[in-house]
Amino acid sequence: MNGIVSYGAYVPGYKIETGEIASVWGADGSAWAKNLNVYSKSVPGPDEDVITIAVEATRQAMKRAKLTGDDIEAIYTGSESHPYAVKPTSTIVAEAIRATPNLTAADFEFACKAGTAAIQTCLGMVGHKQIKNGIAIGVDTSQGAPGDALEYSASAGGGALIIGREKVIANINHTTSYTTDTPDFWRREGQKYPRHGGRFTGKPAFFKHVMNCGVLIMEKAGTKPEDYDYIVTHQPNGKFPIRAAKSLGFTQEQFETGLLTPKIGNTYSGAVFLGLSAILDIAKPGDRILAVAYGSGAGSDGFDITVTDEIMDIDRSETVESMISRMEIVNYATYAKFRGKLNMGVTK
Amino acid sequence: MSVPRFWRELDTRYNLIGSYCKLTKKYHFPKRSFDPDVGRESIGTMEDYQFKGTGEIINCTVVHQAQTGYEMFGPYCMAIIKLDEGPKLTSQIVDCEPKTVKPGMKVKSVFRKLGEDSESGILHYGTKFILKEIPQIEDEDESLSNIEL
């Protein structure tokens, strides 16, 4: 069956605590942390962006399964913070894993679910035997405007899934999507920071799409919540995914492994990839996983996944948990410096 | 740097591609078309080689007056690294406290942004290095009595 041949993840080496951000704006740090269930968020270094994170995650995926560039025939990168408006991230990733020139590549955009749309594209191409292996990448280095609610959660990170049909470590049994025109969150061309509809991002947006997609994928697979060992959903904060999982009928034991936002913040397109990577880091053959992504604008992609015996043959020594444990705390001044929030007074 | 000049060296910068001389069995970085030890005898015996990206710091320094484009790093560490295969190169050591970096420490390569040609220009990516193990920061006594006036 077609599915995941390998996976890679990357979380930057720095983090800032919610209380530190709140102290700059005279807000109550513990209240913000508790309300969002986000206690710290990852911070990329000054030389890290979507491209460098995508390359690191992809190289890890290649190394795990001992694949070379010649094995890859498609690369699609989903993000809402591509460094270039015109020039693909995916071609740079392809060059950095020596997969050029015999492959197809493109960048995807659908808010936080562009990466999972890339998984579906790769599945289609692998299923029709157009390619042997394709790479779907979900990564972001998103920003919230200083002082905005988003600043407490918008972070950086990403993952890469190699989709193929040989030596599959996790079968993707079913996939489905739920899509509408819902303007809950957007960023206009040329604007540095996104805008959002406040409470409108909840019930009619995140919950409506994640819940409906979750129900649809289980109907398609003929499964019930108790058939799954793990669930991972998009996680814009630490509360929404818990409420969505519980409403769908899942328990804490099923959602806690893939829930990373309390420690690393909202990695946008990287969220489901990182949560799924954390699950695959410890999953056993036969484990069943439900993954539901969400992208504003709006849509959800659902995946019904079963881990195979092949997972025992890949290198799982470097885990998401080990990356998170290495993160160093920075203060707001360093965070502002790293994220380009300082006005240097120089026109380049 | 012109766009074609950087583009010509993508493989070297992204993937640490150098050369291996089958005659002298020596590795070279960056790429060479012949081995300087044996000159024209090595023509035709050179092949591309991708370095593993691991090595050891030979010497290092902390840069406090950052170069243009590196202001946001300051202070940062620059080091001469001896790759496991032999060749030496100069690189920034990132994701660490610069003063903790010392000769003899083991490093591994990472993919990072090297710079950019202005705000609207091309972005340059390539290889930098991180420490394989993060050392503990020793508290230094920086009281006035230790400062020579």
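Residues numbered from 1 in each chain as written. Chains lettered and ligands numbered in written order. Predicted model: local features only at pLDDT ≥ 70, side-chain atom pairs only at ≥ 80, totals over all residues.

**Some details on the overall build of chain B**
- Check the secondary structure of chain B and you find two helices and eight strands.
- Reading chain B from its N end, one meets helices and strands in the order α-α-β-β-β-β-β-β-β-β.
- Over its C-alpha trace chain B gives a radius of gyration of 18 Å, far above what one expects of a compact globule, namely 15 Å for 149 residues.
- Along the first, second and third principal axes, the C-alpha atoms of chain B reach 65 × 40 × 30 Å.
- Buried residues in chain B amount to 23% of all 149 residues. (Helix = DSSP H or I, 4+ residues; strand = E, 2+ residues; numbered from the N terminus. Rg over C-alpha atoms; globule rule 2.2 N^0.38 Å. Buried ≥ 20, exposed ≤ 12 C-beta atoms within 10 Å, placed from the backbone.)

**Examining the sheet that holds strand E2 (residues 26-28) of chain B**
Residues and elements named next belong to chain B.
- With antiparallel pairing, three strands are arranged side by side in an open sheet as E2-E1-E3. Every interior strand has two partners, whereas the edge strands, E2 and strand E3 (46-50), have only one. Taken pair by pair, the neighbouring strands of this sheet meet at an average axis angle of 35°, ignoring direction.
- In the sheet, strand E1 (residues 17-21) pairs with E3 via five bridges, with the strands oriented antiparallel. (Pairing = 2+ DSSP bridges. Axes fitted to C-alpha atoms, helices over the stretch in contact; angles between N-to-C directions.)

**Points about unusual backbone geometry**
- Of note, the bond from Thr100 of chain A into Pro101 of chain A is cis; its omega dihedral lies within 30 degrees of zero at 0°.
- Assignment of secondary structure puts Pro101 of chain A in the loop between helix H4 (89-96) and strand E5 (104-108).
- Between Gly74 of chain B and Pro75 of chain B the backbone carries a cis peptide bond, its omega angle lying at -10°.
- You can see Pro75 of chain B is positioned in the loop between strand E4 (54-63) and strand E5 (76-83).

**Quick notes on the sheet that holds strand E2 (residues 14-17) of chain A**
Residues and elements named next belong to chain A.
- Overall, mixed pairing links the three strands, which are arranged E3-E2-E14 in an open sheet. Edge positions in the sheet fall to strand E3 (40-43) and strand E14 (328-329), since each of these pairs with one other strand and no more.
- Sheet topology places E2 next to E14; two bridges connect them, and they run parallel. Among the inter-strand pairings, Lys15 is bridged to a residue of E14, identified as Ile329.

**Description of helix H2 (residues 29-36) of chain A**
All names here are of chain A.
- For H2, the complete set of buried residues consists of Trp32, Ala33 and Leu36. Viewed end-on, H2 has its buried residues packed into an arc of 95°, placing them on one side of the element. Exposed and facing more than 90 degrees away from the buried side of H2 are Ser30 and Ala31.
- Of the surrounding secondary structure, the elements contacted by the buried residues of H2 are helix H1 (18-24). (Arc of directions from axis to C-beta. Contact = placed C-beta atoms within 7 Å.)

**Some details on the environment of Ile81 of chain B**
All names here are of chain B.
- Tracing the backbone shows Ile81 in strand E5.
- Judged by the 22 C-beta atoms lying within 10 Å of it, Ile81 is buried.
- Ile81 sits 25 residues away from Glu56 along the chain, and the two C-alpha atoms are 5.5 Å apart.
- Setting aside residues up to four positions removed in sequence, Ile81 forms contacts with Gly55, Glu56, Ile57, Ile58, Lys88, Leu89, Ser91, Val107 and Phe129.

**Regarding the packing of helix H3 (residues 50-64) of chain A against H4 of chain A**
Residues and elements named next belong to chain A.
- At their nearest, the axes of H3 and H4 sit 9 Å apart, and the two run at 40° to each other. By the angle class used here, H3 and H4 are oblique. When the axes of H3 and H4 are compared, the crossing they make is right-handed. For the pair H3 and H4, the contacting residues are Val50, Ile51, Ala54, Val55 and Thr58 in the first and Thr89, Ile92, Val93 and Ala96 in the second.
- Of the residues that constitute the contact of H3 with H4, the class distribution is seven nonpolar, two polar and no charged. (Parallel < 35°, antiparallel > 145°, perpendicular 65-115°, else oblique. Left-handed = near helix turned anticlockwise from the far one by under 90°. Nonpolar A, V, L, I, M, F, W, Y, C, P; charged D, E, K, R; others polar.)

**Thoughts on the interface of chain A and chain B**
- With 18 residues of chain A in contact, the opposing surface of chain B contributes 16 residues.
- The greatest single-element share of the side of chain A that touches chain B, amounting to four residues, is contributed by H3 of chain A.
- Class assignment for the residues of the side of chain A that touches chain B results in seven nonpolar, three polar and eight charged.

**Details of the nonpolar core**
All names here are of chain A.
- Within the largest apolar cluster, 128 residues are counted, with the highest numbers of intra-cluster contacts made by Ile4, Ala54, Cys122, Ile163 and Ala291.
- Each of domain 1 (3-169 + 320-338) and domain 2 (170-310) gives at least three residues to this core.
- Filtering out sequence-adjacent residues up to four positions away, Cys122 remains in contact with Ala74, Tyr76, Gly134, Ala136 and Ile163. (Core = buried A, V, L, I, M, F, W, Y, C linked by C-beta atoms within 7 Å. Domains from an automatic or database assignment.)

**What about the pairing of E4 of chain B?**
- Bridge count for E4 of chain B against strand E7 (residues 106-116) of chain B is three bridges, and the pairing is antiparallel. Looking at E7 of chain B, one finds that Thr54 of chain B is bridged to Lys108 of chain B.

**Here we look at the pairing of strand E7 (residues 156-164) of chain A**
All names here are of chain A.
- Burial analysis of E7 places nine of its nine residues in the buried class, the great majority of the element.
- Side chains Ala156, Gly158, Ala160, Ile162 and Gly164 of E7 all project onto a buried face; the interleaved residues Gly157, Gly159, Leu161 and Ile163 project onto the opposite face, where all are buried too.
- When strand E6 (residues 133-141) meets E7, the two strands line up antiparallel, connected through nine bridges. What sits directly across from Thr141, in E7, is Ala156.

**Brief notes about the domain arrangement of chain A**
Residues and elements named next belong to chain A.
- Splitting chain A by domain gives domain 1 (3-169 + 320-338) and domain 2 (170-310).
- Taking the mean C-alpha position of each, domain 1 and domain 2 sit 16 Å from one another.
- Contact residues are listed per partner, giving 47 residues for domain 1 and 41 residues for domain 2.
- Elements that contribute at least two residues to the side of domain 1 that touches domain 2 include exactly strand E1 (3-10), E3, helix H5 (114-127), E6, E7 and helix H11 (320-325).
- Among the elements that take part in the side of domain 1 that touches domain 2, H5 stands out by supplying six residues, more than any other.
- Split into classes, the residues belonging to the side of domain 1 that touches domain 2 amount to 23 nonpolar, 18 polar and six charged.

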